[in-house]
Amino acid sequence: TWYPSATDSHIEKCKLKDSATTSSELGFKICGMQVYNCESDSYWRTTKEWCKKLDVNSVKEALVQFLSHPSGNVTIKDICFGPAGLIPKIESLVQWCEKQRHFHFYSASILICYEGNATCPDELKVELKLIDFAHALLANGNKDDNFISGLSSFRVVLEDIASKSS
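Residues numbered from 1 in each chain as written. Predicted model: local features only at pLDDT ≥ 70, side-chain atom pairs only at ≥ 80, totals over all residues. Heavy atoms only, no water.

This part takes up the layout of surface pockets. In this model, the second largest pocket occupies a volume close to 230 Å³. Surrounding the second largest pocket, Lys-17, Ala-20, Thr-21, Thr-22, Lys-29, Ile-30, Cys-31, Lys-48, Cys-51, Lys-52, Leu-54 and Val-59 form its lining. By residue number, the principal contributor to the lining of the second largest pocket is helix 3 (residues 48-52), which donates 3 residues. (1 Å grid on protein atoms, 1.4 Å probe; cavity = no way out; pocket = protein on both sides within 12 Å on 5 of 7 lines; lining within 4 Å. Points joined across faces, edges and corners; volume = space filled by probe spheres on them. Helix = DSSP H or I, 4+ residues; strand = E, 2+ residues; numbered from the N terminus.)

Encoded structure:
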């Protein structure tokens, strides 16, 4: 994405950059993640290079890896669809974005965390936070359709992953 005041050359540069990631196809990309391994009590962390190589299918595989809880007592469906799960939190953020007309978010991120050591769904403590909004601009009373579209696309991908999981 680009600022409304961007020059044609900057817009072309952004489009080229987006086409090299899943941003143009999905409306979002994975910029990083870490996954807890309870057996080794350690984290596996991605690199920027690893994230840049992701395509639409491997983004879904990466999300499955992130959402696959090491406990046999917690499922992807629990993380996504539970009452305090990821999908309701994304829907809440989308609803807020639909109402607010103060800011447009460029290159903003969402941070997703949950308790990797949870032994049941009630212990998951799923969190979703809007971060990296240094490039927020005044919206002049307009809705941020671009950011809402990216969040909605992310929600659809998560719903698909969770509905196919066991």
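Let's shift gears to the packing of aromatic side chains. Taken as a whole and judged by the stated rule, the model has 8 aromatic pairs. With a centroid separation of 6.2 Å and an interplanar angle of 40°, the aromatic rings of Trp-96 and Phe-105 are classed as tilted. Summarising the aromatic geometry, the rings of Phe-103 and Phe-105 are spaced 6.5 Å apart at their centres and angled 40° between planes, so their arrangement reads as tilted. Note on Phe-103: relative accessible area 36%, which makes it partly exposed. For Phe-105, a relative accessible area of 6% puts it in the buried group. Among the aromatic residues, those joined into a ring-pair cluster are Trp-96, Phe-103, Phe-105, Phe-133 and Phe-147. (Phe/Tyr/Trp six-rings, centres within 6.5 Å; stacked < 30°, edge-to-face > 60°. Buried < 20%, exposed > 50% of the residue type's maximum accessible area, 1.4 Å probe, protein only.)

A few words now on helix 6 (residues 86-99). With 14 residues, helix 6 should reach 20 Å at 1.5 Å per residue; the first-to-last C-alpha distance of 20 Å fits that figure. Within helix 6 the residues assigned to the buried category are Leu-86, Ile-87, Ile-90, Leu-93, Val-94 and Cys-97. Projection of helix 6 onto a plane perpendicular to its axis shows the buried side chains occupying an angular sector of 125°, all on one side. If you follow the buried residues of helix 6, they end up packed against helix 4 (56-67), helix 5 (76-81), strand 4 (109-113), strand 5 (127-131) and helix 7 (145-164). (Expected span 1.5 Å × (residues − 1). Arc of directions from axis to C-beta. Contact = heavy atoms within 4.5 Å.)

Mapping His-104 onto the fold places it in strand 3 (residues 103-105). Reaching out from His-104, the side chain makes a polar contact with the backbone oxygen of Asn-142 at a distance of 3.1 Å. Those residues in contact with His-104, other than ones at most four positions away along the chain, are His-135, Ala-136, Leu-137, Ala-139, Asn-142, Lys-143 and Asp-144. (Polar contact = N/O pair within 3.5 Å; in protein donor to acceptor, adjacent residues only side chain to side chain.)

In the structure shown here, the tally under the stated rule is 5 salt bridges. As a salt-bridge pair, Arg-155 and Glu-159 come within 3.4 Å of each other at their nearest N and O atoms. Of the two residues, Arg-155 and Glu-159 are both situated in helix 7; the distance of 4 residues between them amounts to about one turn of the helix. Two residues, Asp-160 and Lys-164, come together in a salt bridge whose shortest N-O distance is 3.2 Å. Of this pair, Asp-160 and Lys-164 are both found in helix 7, 4 residues apart, which corresponds to roughly one turn of the helix. Asp-160 sits in the partly exposed class, given a relative accessible area of 26%. Residue classification places Lys-164 among the exposed residues on the basis of a relative accessible area of 65%. (Salt bridge = Lys/Arg side-chain N within 4 Å of Asp/Glu carboxyl O.)

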